[in-house]
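Examination of the molecular architecture
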Amino acid sequence: MRHILILGGTTEGRRLAAELAADPNVRVTSSLAGRVAEPRLPAGEVRVGGFGGAEGLADWLRSQHVHTLIDATHPFAQTISRNAAEAAAAVHTPLLALRRPSWVPEPADRWHPVGSLEQAAAVLPGLGRRALLTTGRLGMAAFAGVRGVHIVARSVERPDPPLPADLLVLLDRGPFHLDGEREVFREHRIDVLVTKDSGGAATAPKLAVARELGLPVVIVERPAAPAGVPVVADVQGALDWLRAHWDTVD
């Protein structure tokens, strides 16, 4: 039986786990970081919490006889992706990254790409006075020093300090829909959007609303996957890669 470890927490990770768990010849374990109190649990076995860095993950891969490692974490989860690459190389475990494609701007979009949350905070006051911030609770500290902007931050859970002085937190979880996003922009009189390039359809409607209203969007560009790690864009691509790899090594 092949043991597949999925570093998950994403919609794609859950979908892949469901597909693999239906195969009686596959044991699938999904690992969740544990940063959300009530995560959506995938099919198959689930473990919650860190491994103790790359070395701890390598030990787990070895002790649990993991056949293949799938990095299906959030596109901005740089630390775990780097640890996955180091651990897989150390124990010679095949590694695949499952990354939903980046968003692509349309002609009417007014995007302002930046390389980090700190850069996003720096340009924000020059673009608007009422911002919808959808960069996640763990990055909120980067905006703590922003002044002159009312920030409406949407998050699954309440963020920890330090926080912006003028802040309203909306506790919500996607997927989001066009009409609902229009209402958020209208009710809070949003005039600028700040987001990460997470990709995918679940949170894309906010970009469509910003486009409709002609609003600027500060978008944090995603980091690249670790060098040498193959990348697929969807669950079917991951399944095809796995089958091709199994055919090669069996």
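Each chain has its residues counted from 1, running along the sequence as written. Totals for whole chains, interfaces and linings use every residue, but because this is a predicted model, local features are given only for residues with pLDDT of at least 70 and side-chain atom pairs only at 80 or more, for both listing and counting. Only hydrogens and water are set aside; all other atoms, that is, all heavy atoms of the structure, feed into the side-chain values.

Partly exposed residues are those whose accessible area sits between 20% and 50% of the maximum for their type, while under 20% is buried and over 50% is exposed, using a 1.4 Å probe and protein chains only. Only DSSP runs of H or I reaching four residues or more are called helices, and only runs of E reaching two or more are called strands; each is numbered from the N terminus. Residues P205, K206, L207, V209 and A210 constitute the buried set of helix 6 (residues 205-213). Note on contacts: a residue pair is in contact if any heavy atoms of the two residues lie within 4.5 Å. In this fold, the buried residues of helix 6 make contact with strand 6 (110-114), strand 7 (130-134), strand 8 (150-155), helix 5 (178-187), strand 10 (192-196) and strand 11 (216-220). In the stretch just after helix 6, G214 is the one whose phi turns positive, near 70 degrees.

So, on to the side chain of T195. Assignment of secondary structure puts T195 in strand 10. Of the polar contacts made by the side chain of T195, one reaches the side chain of K206; its length is 2.9 Å. For T195, the contacting residues outside a window of four places in its chain are W103, T134, T135, K206, L207, V217, V218, I219 and V220. Polar contacts here mean pairs of N or O atoms no more than 3.5 Å apart (in protein, one a potential hydrogen donor and the other a potential acceptor; neighbouring residues in sequence count only if both atoms are side-chain atoms).

This part covers the pattern of salt bridges. A side chain with one charge may pair with a side chain of the opposite charge, provided their charged atoms come close. Salt bridges are identified by distance alone: a Lys or Arg side-chain nitrogen within 4 Å of an Asp or Glu carboxyl oxygen. Tallied over the entire structure, the rule returns 13 salt bridges. Here R182 makes a salt bridge to D179, at a shortest N to O gap of 2.9 Å. Taken together, the residues span about one helical turn, with R182 and D179 both in helix 5 at a distance of three residues. Across the pair R222 and D197 runs a salt bridge, and its minimum N-O distance is 3.8 Å. Here R222, found in the loop between strand 11 and strand 12 (231-232), pairs with D197, found in the loop between strand 10 and helix 6; they are 25 residues apart in sequence, far enough to count as distant. Note on accessibility: R222 and D197 belong to one class, buried. One salt-bridge network, in which partners are shared between bridges, spans E106, D109 and R211.

Right, let's get into the environment of A238. Mapped onto the elements of the fold, A238 is located in helix 7 (residues 235-249). Looking at A238, the relative accessible area reads 0%, which means it is buried. Considering only alpha carbons, one finds A238 and L96, 142 residues apart in sequence, at a separation of 7.7 Å. Sequence-distant contacts of A238, that is, excluding residues within four places in its chain, are made with L16, L96 and V232.

Aromatic pairs are defined between Phe, Tyr and Trp rings, using the six-membered ring for Trp, whenever the two ring centres lie within 6.5 Å; interplanar angles under 30 degrees are classed as stacked, those over 60 as edge-to-face, and all others as tilted. Enumeration according to the criterion identifies one aromatic pair in this entry. Ring geometry for F51 and W60: centres 5.7 Å apart, planes at 70 degrees, overall edge-to-face. For the pair formed by F51 and W60, the shared burial category is buried. Its end group placed over the ring of F51, R47 keeps NZ or CZ at 3.8 Å from the ring centre. By the criterion adopted, a ring carries a charge over it if an Arg CZ or a Lys NZ lies within 6 Å of its centre and within 35 degrees of its normal. The aromatic ring of F176 is capped on one face by R154, whose charged end is 3.8 Å from the ring centroid.

With parallel pairing, the six strands of this open sheet are ordered in space as 3-2-1-4-5-12. Edge positions in the sheet fall to strand 3 (45-48) and strand 12, since each of these pairs with one other strand and no more. At least two bridges found by DSSP between two strands are what make those strands a pair. Bridge analysis of strand 2 (residues 26-32) against strand 3 gives four bridges, and the strand direction is parallel. Residue pairing for strand 3: S30 is matched across the bridge by V46. Throughout, an axis means a line fitted to C-alpha atoms (over the contacting stretch in the case of helices), and angles, computed between N-to-C directions, take values from 0 to 180 degrees. Running at roughly 155 degrees to strand 1 (residues 2-7), helix 2 (residues 53-63) makes contact with strand 1, strand 2, strand 3 and strand 4 (68-71) of the sheet.

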